[in-house]
Amino acid sequence: MKEALYTIIVHSENIAGVLNKVTAAFTRRQVNIETLNVSASSIKGVHKYTITSRTDAINIERIVQQISKNIDVIQAHFFLDSELMHREIAMYKLSTDILKSQPAISQIIRKYSAHIIEVNEVFSILEMSGVDEEITALYEELRNFNTILQFVRSGRVVVTTSSFEHVDDFLESRNKEHKLSRESCWTKDA
Amino acid sequence: MIKEQKINKEVQAVKMTGGEALLSALEDHGVNTLFGYPGGAIMPVYDRLYDHKEKLNHILMRHEQGAIHAAQGFARVSGQIGVCMVTSGPGATNTITGIADAMIDSTPVLVIAGQVGTKMLGSDAFQEVDLVGITQPISKWSYQIRSAADVPWAVARACYIATSGRPGPVVLDFTKDAQIGTLDYQPTIVDFIRSYVSNPQPQEGSLEQAATLINEATKPFMLVGQGVLLGEATAELEELVKKTDIPVGETLLGLSAMPSAHPNNLGMLGMHGNLAPNKATNLCDVLIAVGMRFDDRVTGNLETYAPQAKVIHLDIDPAEFNKNVRVDVPILGDCKQSLKKLTALCAPRNHQSWIDSLLPYAEEEHRVVCSKELCSTPDGALRMGQVARLVSQAAHDEAILVTDVGQNQMLSSRYFRYTHPRSLVTSGGLGTMGFGLPAAIGAIYGNRQVNHDDKKPVVLMTGDGGIQMVIQELGTIMEQQCPVKMVILNNSYLGNVRQWQEMFFKKRYSFTPMENPDYLKLSDAYGIKSKRVVSEEQINEAIAEMLSYDGAYLLEVCVEKEGNVMPMVPIGGTISDMLLEP
Ligand SMILES: Cc1ncc(C[n+]2csc(CCOP(=O)(O)OP(=O)(O)O)c2C)c(N)n1
Ligand SMILES: [Mg+2]
């Protein structure tokens with residue numbers, strides 16, 4: 001079956017141990033995670049995981065089903081690149097000496113719309129955000145100058161092009177459903 | 001984190017320790033039976049238990065594995081949560097097999113384990129293990145209680161998760177300071193977790209689509225799994241079958257969802273199942289799977305599994321759809337409701353000619369396999385299937401059967417006959433040897449829980465290998481005077497493995513012959529009445545004596561040494577191509 005790069009978006013309660021359960025769904029099926037980004041989401045108390053992984057359509061469906069099954073996972077979905085706007089941020093630590101002595105490097109930096117965010121006598125730091133290929137391409141070009149002291153990339157963050165953020169709606173409808181079904185005197189301790 | 005809970009504020013708060021709160025919370029959730037084993041890190045709870053003996057019947061098992069399997073047996077028979085309480089470290093790790101077993105067989109159990117004090121956590125303290133870490137992949141939920149104030153919520157959440165939706169095991173890792181610390185206790189329930197939909201609804205139109213397929217089918221066939229028992233939907237199943245006349249096959253764990261004697265019941269599916277239902281799987285035009293998960297022991301080779309059929313799948317767990325078999329119409333939700341709605345949408349049908357066309361397979365299986373298995377061998381040795389059927393008959397097909405794992409399991413579940421739902425307790429998904437004896441102890445209490453007496457006998461059918469894995473639980477039976485009817489089908493072999501060696505490994509019996517102790521002397525030492533039987537002349541009387549005896553009874557039946565479980569679908573084989581002879 002044909003492999004593709006999938007982006008998986010997971011929303012979960014902010015509870016210790018959920019990350020473990022999310023990654024276990026991949027390891028159990030011997031599928032590698034390419035990038036993983038975890039952060040607070042726009043909803044208070046809800047965490048968002050953005051994961052990329054190269055696998056086939058059947059595996060990804062099953063992995064996402066298994067992730068969704070966790071008690072504290074609110075929703076999990078997967079997407080192809082065509083359904084997303086995606087960006088990564090990368091930082092390149094360069095030797096200031098080489099940067100100064102090679103004007104071609106500055107041209108490359110402009111070509112990629114990267115920014116220099118720090119310059120001192122020893123090193124300079126270049127920051128760039130873009131799609132995965134651009135970040136790799138800039139890295140390859142700079143490497144030719146033997147100037148890279150350190151390189152780091154963030155892993156993907158994405159926005160879906162379809163209207164995806166149903167999590168808000170979902171939680172709201174869950175709360176409504178529940179209120180309808182019983183007189184509530186629920187306490188929500190943070 | 002958000003803690004959704006409902007606190008009964010009308011009840012006056014009582015100051016108590018976390019350990020006591022745990023027991024109170026269990027009582028508030030209707031728990032009255034615990035299976036456990038004490039130790040250092042759970043002592044504060046056991047100390048409080050001393051004052052709760054009136055309401056909480058604690059059964060002291062002889063091993064923590066016994067405690068968890070007993071809790072499973074209790075839950076499987078009663079449909080209520082089974083509770084097991086152990087100490088930290090080795091006590092906790094001894095429950096792991098049972099937790100994994102309960103997970104794969106969807107059994108609602110709660111494991112309460114002691115844990116070292118919060119200040120010691122992560123320090124490799126004496127008897128510290130990362131239980132939450134270990135149990136995460138094999139439990140529905142596991143949680144570490146670090147403060148006494150958390151206890152009412154944690155117990156309520158654990159009970160809700162274990163018993164709702166697709167049931168499963170939950171683990172509470174109870175730190176010592178949370179046991180000792182105090183709180184103001186008020187009864188608390190959890191019946192809503194926003195991230196967890198325990199009662200999902202069918203997708204729009206799916207029931208109608210399914211009904212159309214069923215109404216148009218000429219050869220529909222239904223697969224019934226444990227979901228029907230867990231969802232208490234046996235009456236709804238019966239209604240659907242009555243109206244639509246669809247023939248039915250049951251998975252191992254689905255056995256007893258429909259009486260064996262029902263004319264539409266073709267028997268058991270899968271590797272060692274019956275020929276007719278396995279044939280029907282690959283002959284039908286519409287396959288309706290209810291509360292089952294297309295386990296590989298049921299499907300055989302997936303490539304050749306029912307390729308001709310449209311598949312309708314009813315399940316409460318959406319992760320089961322398309323997991324192994326591509327589904328045309330998934331129906332999400334509680335099968336009790338879905339079956340009812342489906343029945344209303346289905347037209348009355350008569351499928352007699354389709355059912356009749358399958359009968360020759362049942363006759364063939366009977367002629368080649370069952371008729372032999374139900375009789376002694378030519379040289380007079382008893383066979384497992386024969387013994388199982390005689391026990392079943394002697395108990396008027398009313399017994400609760402608990403099995404161990406191996407040939408004893410396959411042959412007793414095949415040849416027992418079931419009249420009531422939840423009358424088979426067996427380790428299906430994990431195939432855990434040593435499950436049977438402790439699960440049978442649990443089944444005694446589970447039966448009392450729902451039937452309030454011991455009229456339905458609990459019969460354990462076990463192998464000589466399996467019982468030796470948990471033989472220490474004879475001590476529990478002795479102490480509790482637990483009226484388990486134990487039948488050891490003794491073939492002096494790890495029979496199931498020996499059969500595979502015979503069939504697939506050139507009869508090289510590598511470490512499968514096994515010497516046995518004198519079970520009668522052993523029973524004697526435990527004060528348990530017992531008898532050994534070697535031939536047909538003795539068997540009926542011995543079974544009758546066992547069943548009528550007031551109390552536990554161990555019946556050792558020396559059976560054919562190299563008997564085989566037939567028919568069989570070899571690993572990776574096509575489900576409808578069953579071998580009838582080895
Ligand atoms: C804990 C465990 N260990 C090993 C096995 C593998 N196994 C499956 S059946 C079997 C033989 C069981 O022998 P016995 O209990 O005598 O039953 P029989 O098959 O002879 O009826 C073994 C070793 C298992 N299922 N579970
Ligand atoms: Mg044996």
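The structure this text deals with has already been given above.
Criteria and cut-off values
- Residues numbered from 1 in each chain as written.
- Chains lettered and ligands numbered in written order.
- Predicted model: local features only at pLDDT ≥ 70, side-chain atom pairs only at ≥ 80, totals over all residues.
- Heavy atoms only, no water.
- Helix = DSSP H or I, 4+ residues; strand = E, 2+ residues; numbered from the N terminus.
- Buried < 20%, exposed > 50% of the residue type's maximum accessible area, 1.4 Å probe, protein only.
- Pairing = 2+ DSSP bridges.
- Axes fitted to C-alpha atoms, helices over the stretch in contact; angles between N-to-C directions.
- Contact = heavy atoms within 4.5 Å.
- Parallel < 35°, antiparallel > 145°, perpendicular 65-115°, else oblique.
- Left-handed = near helix turned anticlockwise from the far one by under 90°.
- Nonpolar A, V, L, I, M, F, W, Y, C, P; charged D, E, K, R; others polar.
- Donors = N, O, S within 2.8 Å, 3.2 Å for Na, K, Ca; no water.

**Student:** A description of unusual backbone geometry should follow, citing residues and the corresponding values.
**Tutor:** Residues and elements named next belong to chain B. The residue after M566, namely P567, is reached through a cis peptide bond having omega -5°. Positive phi, close to 60°, is recorded for D245, a residue that is not glycine. Locating D245 in the fold gives a position in the loop between helix 11 (234-244) and strand 12 (248-250). Here the phi dihedral of S256 falls at roughly 85°; this positive angle occurs in a residue that is not glycine. Mapped onto the elements of the fold, S256 is located in the loop between strand 12 and strand 13 (265-268). Residue classification places S256 among the buried residues on the basis of a relative accessible area of 2%.

**Student:** Give me the lowdown on the sheet that holds strand 14 (residues 286-290) of chain B, citing residues and values where you can.
**Tutor:** All names here are of chain B. Pairing in this open sheet of six strands is parallel, and the strands run 13-12-11-14-15-16 from one edge to the other. Pairing within the sheet leaves two strands with one partner each, and these edge strands are strand 13 and strand 16 (329-332). Geometrically, the sheet is characterised by an average inter-axis angle of 15° between neighbouring strands, direction not taken into account. Looking at chain direction, strand 12 and strand 13 are connected through three bridges and run parallel.

**Student:** Outline the environment of L275(B), supporting the account with residue identities and numerical values.
**Tutor:** Residue and element names in this part refer to chain B. Its location among the elements puts L275 in helix 12 (residues 275-281). Each C-alpha atom, one on L275 and one on S576, is 7.4 Å from the other, the two residues being 301 residues apart in sequence. Other than its neighbours up to four places away in sequence, L275 contacts Y361, E364, E365, M578 and L580.

**Student:** Break down the packing of helix 16 (residues 384-394) of chain B against helix 23 (residues 536-548) of chain B for me, with residues and values.
**Tutor:** Residue and element names in this part refer to chain B. Where helix 16 meets helix 23, the closest approach of the two axes is 10 Å, and the angle between their N-to-C directions is 40°. Looking at the two axes, helix 16 sits oblique to helix 23. When you trace helix 16 past helix 23, the crossing you get is right-handed. On helix 23, the residues that touch Q386, V387, L390, V391 and A394 of helix 16 are E536, I539, N540, I543, M546 and L547. Split by residue class, the contact of helix 16 with helix 23 holds eight nonpolar, two polar and one charged.

**Student:** Which residues make up the coordination of the magnesium ion (ligand 2), and what are the values?
**Tutor:** All names here are of chain B. For the magnesium ion (ligand 2), the protein coordination sphere consists of D464 (OD), N491 (OD1) and Y493 (O), at 2.1 Å. Positions of the donor residues of the magnesium ion (ligand 2), expressed as sequence spacing, correspond to D-x26-N-x1-Y. For N491, a relative accessible area of 2% puts it in the buried group. A residue is classified by how much of its surface remains accessible, and Y493, at 12% relative accessible area, is buried.

Everything listed here is a matter of geometry and, on its own, says nothing about what the molecule does.
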